[in-house]
Amino acid sequence: MTKTSDARFGATKRFPIRGHTGYVLALLAVSVVLMPVSKLISPSLGSWTTVSAILVVSSMLALVGFGQGLVILVGELDLSLPSTVALAGVLTTAWLSVTPSVLTFLQILGIAAVIGLVNGIGVAFLRVPSFIMTLGMQLIVAGAALGYTKGTVPGTTPDFLASVMLGKWWGIPIPIFLLVGMAVVGTVIQQYTRFGRKLYAVGSNRATAELVGLRVGLIVTGAFVVSAIAAALTGMMLVGYGGGATLGMGDVYFLSSIAVVVVGGSSILGGRGSFLGTVAAAIFLTTIATLIQAVGISQGWQTFIYGFLIVAVIGLLNRDLYARAFAPVSRLMQRGRSAPAAAN
Amino acid sequence: MLNKLRFMSVFAAAAVLVPMAACAPPSSNGGGTEDDGKFLIYNNLSYSGNAWSNAAANMMEAVANTAPYDDKVEFRKVISGADVSKQISDLQSMINNGADAIISYPLSPKALNAVVDQAAEKGTLMFFYDGTVTNEKAYNVSYITAGFGQHTAQALVNELGGEGKILMNSGVSGTGTDTMHNESAMSVFEKYPGIEVVSQYWSNWDAVQSKTNTLRALAAHPDIDGVWSQDGEYGVVQALRESGRPLVPVTGEMSNGFRNQLISLEDDGLTGVSSGSGPTVGAYAFKLAMGLLTGELDEADVPHNVEFPLPWVPADEVELGDPSDPGAGGNAWPLDEVPPIFAAGIYYPDLVPEINYASAIDGTPAPGAEIQPIDTEDIVEAPAVPEINSSTTEFPGGLYDVNPEIVEPIPVP
Amino acid sequence: MSTAIKRALSNGSVLAFAILTIMYVVYVYSSIDVLTVNNATDLLNNVAPLVVAATGLTLVIISGGFDLSIGGVVVLSNVILVTQSDTTLQSGLLAVVIALAAGLAVGAINGVLVAYLRVQSIAATLGTFIMCSGIALVIMPSPGGSVPNFIAPGLNSALGGVLPVSLVVIGACLIGWLVIRRSRFGVYIYALGSDERSAVQSGIPVAGTKFKVYLGAGFLYALAGVMLTAQTASGDANASALFMVLVFAAVAIGGTRFGGGRGSAVGSIIGAGVLGVLQKMLFALGVSTFYTGIVQGAVLILAVILGHVSQFAAERLKEEETAQPSDESTSSEAKISSEGVLSDQD
């Protein structure tokens, strides 16, 4: 148990890393185990095709979950993601397919950054509750997209996006590489940069963070800006993958972006969680959604079972359970480190 | 400093609301109808963020601005959004404002019935397009009774020779439209024991979701022989292509993208039928309402349930048209000029000849067009279906029958 | 600003009421024919579901929690009511009882998850929301159905032609809230919301209080579903997420603090009224084209910022009275939930 890892996670638990890491591993383990199990539903499930389809869809969910995760880390909530995804998608087909240049790409991200900026200013400086502020922005951005397109989305998918999202390297779909890259980059940003650590500090205890001299307002705003940019990138990925943009393309992320963060083990209070948890949750949730759909039951039951599984997972999210389950493992690892064994 | 900032923002907010209140001219939507002899007609949209609703609203606006209606009509648009309480509230506002007619897309078949009664008391005509309500005092103009489900299902069965595994890509679960389409399609599939529906999923009439869900379904069931789809079929075909499998017959609605796919992917094995719901139904409802208001149409001529004809475009009948020349006809549009998520089947020359492609895109009337009166012979009465467009409890026998003039059913193998 | 004005403004409800009055005046000024019993009844019928749900949500928010299951319970209550009743009075009453019981059941599940399993409220209620939506769709795969007359149009009519039933229901919520507020339970809720750690140390039964809060909220959401069924006279399993948004907006406009510990259902009820009149006002002003969404979003944010006038006034008041600088940390109410402040409670 090192002090720096405690500070990183802002916890003073008996099994700080083991608990959360154990949980993340459990999520991944369950997803993996479900693959051969799914063959009971259909013999063609559980194959590489299924796995790669799941990983590709997870990559987009993970990306939007990254942004939402940062916002949740500082103790807020971003409900404007669906319209940001859709607006970015619309601008991608409208502008980027006509002028596929880096400048246009940055312009789209810039517009997203502005959305995040407005959210941040509203929440951090005007003290509007984040639920309301981001909800208001959701309506505003959706209205802007509607007004801009007058209902009919112009343009087509830019070629390079389609080739990225639909292409393969050595037989593996490119988005899977993106997923791995995202997991690395996201974790680095969230846990190893100064910005990330400031997010954890602000999230754990805002008053203390202020006393220590952190510019809380700027940090919170920064989280919203990154969240909006991540949503815009997700919109672009979705355009490449889905072959077009629709005004409702982001709606599916309204609740699922939150689900993926909380199921991933991040505390809604802020100050706790890791992007790897979000990635694992994205894979897990996509896996169960895929399998539930494959069972061939009515939509109502599909939705119910999905909700039930979420409740079951987070109900068992009680950290102590995982910590205790992994206690023998962690004890073994600590013995190998010749550090004093964790007090029991 | 922070407190000052907050105070200033509060002040600014007040500074916005108060002038808004002061500037409300009594005549903008409030203050009742202007007494200048014009009919006050509202187009009330619920959903608005999709190409279909906008095309429907635009065409209605175009017709309202076409001579001689442009002098007779004060046309306003009200967007209610997806909340049924808000739609009720908005409709009540419109009625209280003295509307002569309201052409609306209803969110629910029964939730608005009380408002329809209120409208009837005040003498406001209530027309609903594409979606329907069960209150008999309202007028319903819709294709829903025209048999989209069973005819596309039969066409698919025919292509498959009566046996094979199929996917069903449905719409928004829990809506009357989706349920009717599914039930009517299933009634055909059940007649053929060799046909097996291996997976049914709901993509909310969205092409991107259709693609994702179809890819998922293909991962679980790689050997399918055909796909029956509601709106979103463009995404279905894309999913088939990307899965690397040979293309199979697909039936769907009328997105421009799908119709183009039927042409471009014909050699790769794609075949099927494009049917669906034409957004022109809104303009048709509008014309019917105007006919009643101006007296051109007699009340006896217009049944309360009007059927909008089912479009039927098999793969070999897809024709690219020229968007700028309505006279040239056509039921699909070049993809570099018209986006794929656009309901391509907008021309109904018997019922609404006054629109062109531009009308559907932004509501501009076709240049030089004049309103052509509807021939009462062309008005088709729709059967009364419980829970859909009527308060009856009797299900009309034969509603799900396949009309052999559209599709001749093959015998069961 | 004089102290009297500040004191008046520092009550969130007073401010919300002021906003409501302004909007209503705008609405009346720009339409004729508004001040009739029928129109008043229509307006009350329209906001009744929102009022009842907002009352429930206020309980949860003051206790420092969060509740995403509103829409799910409302829709579940609606479909149960429609499917379990035919045209008779008895079947209707029984269906109402079942629907309310379902609301209690969901509230109990939420309560167990949040209070005893220490799951975060946003996660737990997200899960129950999804579950309720699914069950509602199973119960009623296609919209339609009907309810006995005493529900629709009964609950939407006016008693003796003068007193709208909706007004009675809204009044009942108001009275119920005032009773709770003054009770020990009410004190516990506020204490829990302000500072959970202190509440525990003071011996307040934190878990039991939280459980009861979610139970009560579930009941109220189901009641809101009944009022919604009165309006629509039918069942529809497709809950619009928009309703949930409006409920949160009503609570925010009413001045209840999202971190917990401050606020009142009176403000939320008025906030719901503001939203109802807002629709009318926007319609009257002719704001109804593609840009409706932008205006709605902007007005929502502005209304809440206005609500902060009360916050601001309260702090200025405190400054004057105690002659000390206001505490920055108490004013940072940006956290969505304050439960589980103790670090090993997650």
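Because the structure is predicted, anything quoted here is derived from the model rather than measured.

Enquirer: What is the right way to look at the overall build of chain B in this model?
Expert: On a plain count of helices and strands, chain B comes out with 12 helices and 13 strands. At 23 Å, chain B has a C-alpha radius of gyration in line with the 22 Å of a compact globule built from 413 residues. On the principal axes, the C-alpha backbone points of chain B span a range of 70 × 70 × 45 Å. When each of the 413 residues of chain B is scored for burial, the buried share is 60%.

Enquirer: Looking at this structure, I do not really get the overall build of chain C. What am I missing?
Expert: Helix and strand content of chain C: 14 helices and two strands. The long-range fraction of contacts in chain C, counting pairs at least 24 apart against all pairs at least 6 apart in sequence, stands at 82%.

Enquirer: For this particular structure, what's the right way to read the domain arrangement of chain B?
Expert: Accessible area lost upon the coming together of the parts is a frequently used measure of interface size. All names here are of chain B. Along its sequence, chain B is carved into domain 1 (38-143 + 277-309 + 348-386) and domain 2 (148-274). When each unit is reduced to the centre of its C-alpha atoms, the spacing between domain 1 and domain 2 is 31 Å. The partner domain 2 presents five residues to the five residues of domain 1 that form the contact. Counted by class, the side of domain 1 that touches domain 2 contains two nonpolar, three polar and no charged residues.

Enquirer: I tried to follow the sheet that holds strand β5 (residues 139-142) of chain B on my own but got confused; where do I start?
Expert: Within a sheet, each strand pairs with its neighbour through backbone hydrogen bonds, oriented either parallel or antiparallel. All names here are of chain B. Reading across from one edge, β2-β1-β3-β4-β5-β11-β13 is the order of the seven strands in this open sheet, with mixed pairing throughout. Both outer strands of the open sheet, β2 (73-79) and β13 (380-381), are each paired with one neighbouring strand and no more. The pairing of strand β4 (residues 125-129) with β5 spans three bridges and is parallel. Its bridge partner being in β5, Phe-128 is matched across the sheet by Asn-140.

Enquirer: Before we go on, may I ask you to explain the nonpolar core in this structure?
Expert: Across soluble globular proteins, nonpolar side chains show a tendency to be buried alongside one another. In this structure, Ile-132 of chain A, Phe-127 of chain B together with Ala-53 and Val-247 of chain C are the most contacted members of the largest nonpolar core, which totals 340 residues. The element contributing the most residues to this core is helix α11 (residues 216-242) of chain A, with 17 residues. Each of domain 1 (38-143 + 277-309 + 348-386) and domain 2 (148-274) of chain B contributes no fewer than three residues to this core.

Enquirer: Sorry if this is basic, but what is going on with helix α5 (residues 113-122) of chain B here?
Expert: For the α-helix, the turn length of 3.6 residues means that residues three or four positions removed from each other point alike. All names here are of chain B. Among the residues of α5, Asn-113, Ala-114, Val-115, Val-116 and Ala-119 are the ones counted as buried. Those residues of α5 hidden inside the fold are in contact with α4 (84-96) and β4. Looking one or two residues beyond α5, the residue adopting positive phi is Gly-123, at roughly 85°.

Enquirer: Looking at this model, I keep getting lost on helix α11 (residues 281-294) of chain B. Mind explaining?
Expert: Residue and element names in this part refer to chain B. End to end, α11 covers 20 Å across 14 residues, agreeing with the expected 20 Å (1.5 Å per residue, within 8%). For α11, a buried count of 10 out of 14 residues is recorded, marking the element as mostly surrounded by other parts of the structure. For α11, the set of buried residues is Val-281, Gly-282, Ala-283, Tyr-284, Ala-285, Phe-286, Lys-287, Leu-288, Ala-289 and Met-290. Count one or two residues on from α11 and you reach Gly-295, which has phi positive near 85°.

Enquirer: In this structure, what is going on with the sheet that holds strand β10 (residues 272-274) of chain B? I would like to understand it.
Expert: Residue and element names in this part refer to chain B. The six strands are arranged β7-β6-β8-β9-β10-β12 in an open sheet whose pairing can be described as mixed. Only two strands of the sheet have a single neighbouring strand rather than two, namely β7 (195-202) and β12 (313-314). Sheet topology note: the strand β6 (residues 164-170)/strand β8 (residues 226-229) ladder contains four bridges and is parallel. What sits directly across from Asn-169, in β8, is Ser-229. Each of β6, β7, β8, β9 (250-252) and β10 is contacted by helix α6 (residues 148-159), which is oriented at about 175° to β8, the strand it contacts most.

Enquirer: Got a minute to help me understand unusual backbone geometry in this structure?
Expert: In terms of backbone geometry, most residues other than glycine have negative phi values and most peptide bonds are trans. The omega torsion of the bond from Ala-67 of chain B to Pro-68 of chain B falls at -5°, within 30 degrees of zero and hence cis. Along the chain, Pro-68 of chain B falls in the loop between α2 (51-64) and α3 (69-72).

Enquirer: Looking at this model, I keep getting lost on the confidence of the model for chain C. Mind explaining?
Expert: Interpreting fine coordinate detail is not advised for predicted regions of low pLDDT. All names here are of chain C. Considering every residue of chain C, the mean pLDDT works out to 79; 77% of them sit at 70 or more. In the model, residues 324-346 has pLDDT below 50 throughout and makes 59 contacts with residues more than four positions away in sequence or in other chains. We note a pTM of 0.82 for the whole complex and an ipTM of 0.78 for its interfaces.

Enquirer: Sorry if this is basic, but what is going on with the pairing of β4 of chain B here?
Expert: Residues and elements named next belong to chain B. Burial analysis of β4 places five of its five residues in the buried class, the great majority of the element. Of the two faces of β4, the one carrying Leu-125, Phe-127 and Tyr-129 and the one carrying Met-126 and Phe-128 are both buried. Sheet topology note: the strand β3 (residues 101-104)/β4 ladder contains four bridges and is parallel. Directly across from Ser-104, in β4, lies its bridge partner Phe-128. With α5 bridging β3 and its parallel neighbour β4, the resulting β-α-β unit is right-handed.

Enquirer: Explain the environment of Ser-227 of chain A here, please?
Expert: Residue and element names in this part refer to chain A. Secondary-structure assignment places Ser-227 in helix α11. Between the C-alpha atom of Ser-227 and that of Ala-112, which follows or precedes it by 115 residues, the distance is 8.9 Å. Not counting chain neighbours up to four residues away, the residues in contact with Ser-227 comprise Gly-67, Gln-68, Leu-70, Val-71, Asp-78 and Gly-116.

Enquirer: Teacher, can you tell me more about the packing of helix α4 (residues 81-96) of chain A against helix α12 (residues 253-263) of chain A here?
Expert: Relative orientation and spacing of two packed helices are given, respectively, by the angle between their axes and the distance between those axes. Residue and element names in this part refer to chain A. Relative orientation of the contacting elements α4 and α12 amounts to 115°, with a least axis distance of 8 Å. For the pair formed by α4 and α12, the contact residues are Leu-81, Pro-82 and Val-85 on the first element and Tyr-253, Phe-254 and Ser-257 on the second. Looking at the contact of α4 with α12 residue by residue, the classes come out as five nonpolar, one polar and no charged.

Enquirer: So what exactly am I meant to see when it comes to the environment of Val-114 of chain A here?
Expert: One can find Val-114 of chain A in helix α5 (residues 102-125). Overall, the presence of 12 C-beta atoms within 10 Å leaves Val-114 of chain A in the exposed class.

Enquirer: Can you help me understand the environment of Glu-253 of chain B in this one?
Expert: All names here are of chain B. By the element assignment, Glu-253 lies in the loop between β9 and α10 (256-264). In this structure Glu-253 comes out as buried when scored by C-beta crowding, with 26 C-beta atoms within 10 Å. A C-alpha to C-alpha distance of 7.0 Å links Glu-253 and Ser-277, two positions 24 residues apart in sequence. Apart from the residues within four sequence positions on either side, Glu-253 is in contact with Gln-230, Asp-231, Glu-233, Ser-274, Ser-275, Gly-276 and Ser-277.

Enquirer: I keep staring at the pairing of β5 of chain B and nothing clicks. Help me out?
Expert: For a regular strand, side-chain orientation follows a simple rule: the groups alternate between the two sheet faces. Residue and element names in this part refer to chain B. Where burial is concerned, the two faces of β5 agree: the one with Tyr-139 and Val-141 and the one with Asn-140 and Ser-142 are both buried. Where β5 lies against strand β11 (residues 305-307), three bridges are found, and the strand directions are parallel. Bridging across to β11, Asn-140 finds its partner in Asn-305.

Enquirer: Which parts of the structure should I look at to understand the packing of helix α14 (residues 299-315) of chain A against helix α6 (residues 121-139) of chain C?
Expert: At a closest axis distance of 7 Å, the pairing of α14 of chain A and α6 of chain C adopts a crossing angle of 160°. It follows from the interaxial angle that α14 of chain A and α6 of chain C lie roughly antiparallel. Between α14 of chain A and α6 of chain C lies a crossing whose hand is left-handed. Listed contacts from α6 of chain C to Gln-299, Gly-300, Trp-301, Thr-303, Phe-304, Tyr-306, Gly-307, Phe-308, Ile-310, Val-311 and Ile-314 of chain A of α14 of chain A are Ala-123, Ala-124, Gly-127, Thr-128, Ile-130, Met-131, Ser-133, Gly-134, Ile-135, Leu-137 and Val-138 of chain C. Classifying every residue of the contact of α14 of chain A with α6 of chain C gives 14 nonpolar, eight polar and no charged.

Enquirer: Any chance you could explain the confidence of the model for chain B here in plain terms?
Expert: Residues and elements named next belong to chain B. Mean pLDDT for chain B: 84, with 90% of residues reaching 70 or above. Per-element confidence in chain B is highest for β8, whose mean pLDDT is 96, and lowest for helix α1 (residues 2-23), whose mean pLDDT is 43. Counting contacts from residues 1-16, a segment whose pLDDT is below 50, to residues more than four positions away or on other chains yields 19 contacts. This model gives residues 18-34 a pLDDT under 50, and the stretch forms 30 contacts once residues within four places in sequence are excluded.

About the cut-offs
Residues numbered from 1 in each chain as written. Chains lettered and ligands numbered in written order. Predicted model: local features only at pLDDT ≥ 70, side-chain atom pairs only at ≥ 80, totals over all residues. Helix = DSSP H or I, 4+ residues; strand = E, 2+ residues; numbered from the N terminus. Rg over C-alpha atoms; globule rule 2.2 N^0.38 Å. Buried ≥ 20, exposed ≤ 12 C-beta atoms within 10 Å, placed from the backbone. Contact = placed C-beta atoms within 7 Å. Domains from an automatic or database assignment. Nonpolar A, V, L, I, M, F, W, Y, C, P; charged D, E, K, R; others polar. Pairing = 2+ DSSP bridges. Core = buried A, V, L, I, M, F, W, Y, C linked by C-beta atoms within 7 Å. Expected span 1.5 Å × (residues − 1). Axes fitted to C-alpha atoms, helices over the stretch in contact; angles between N-to-C directions. pLDDT = per-residue confidence, 0-100. Right-handed = clockwise from strand over helix to strand, strands pointing away. Parallel < 35°, antiparallel > 145°, perpendicular 65-115°, else oblique. Left-handed = near helix turned anticlockwise from the far one by under 90°.

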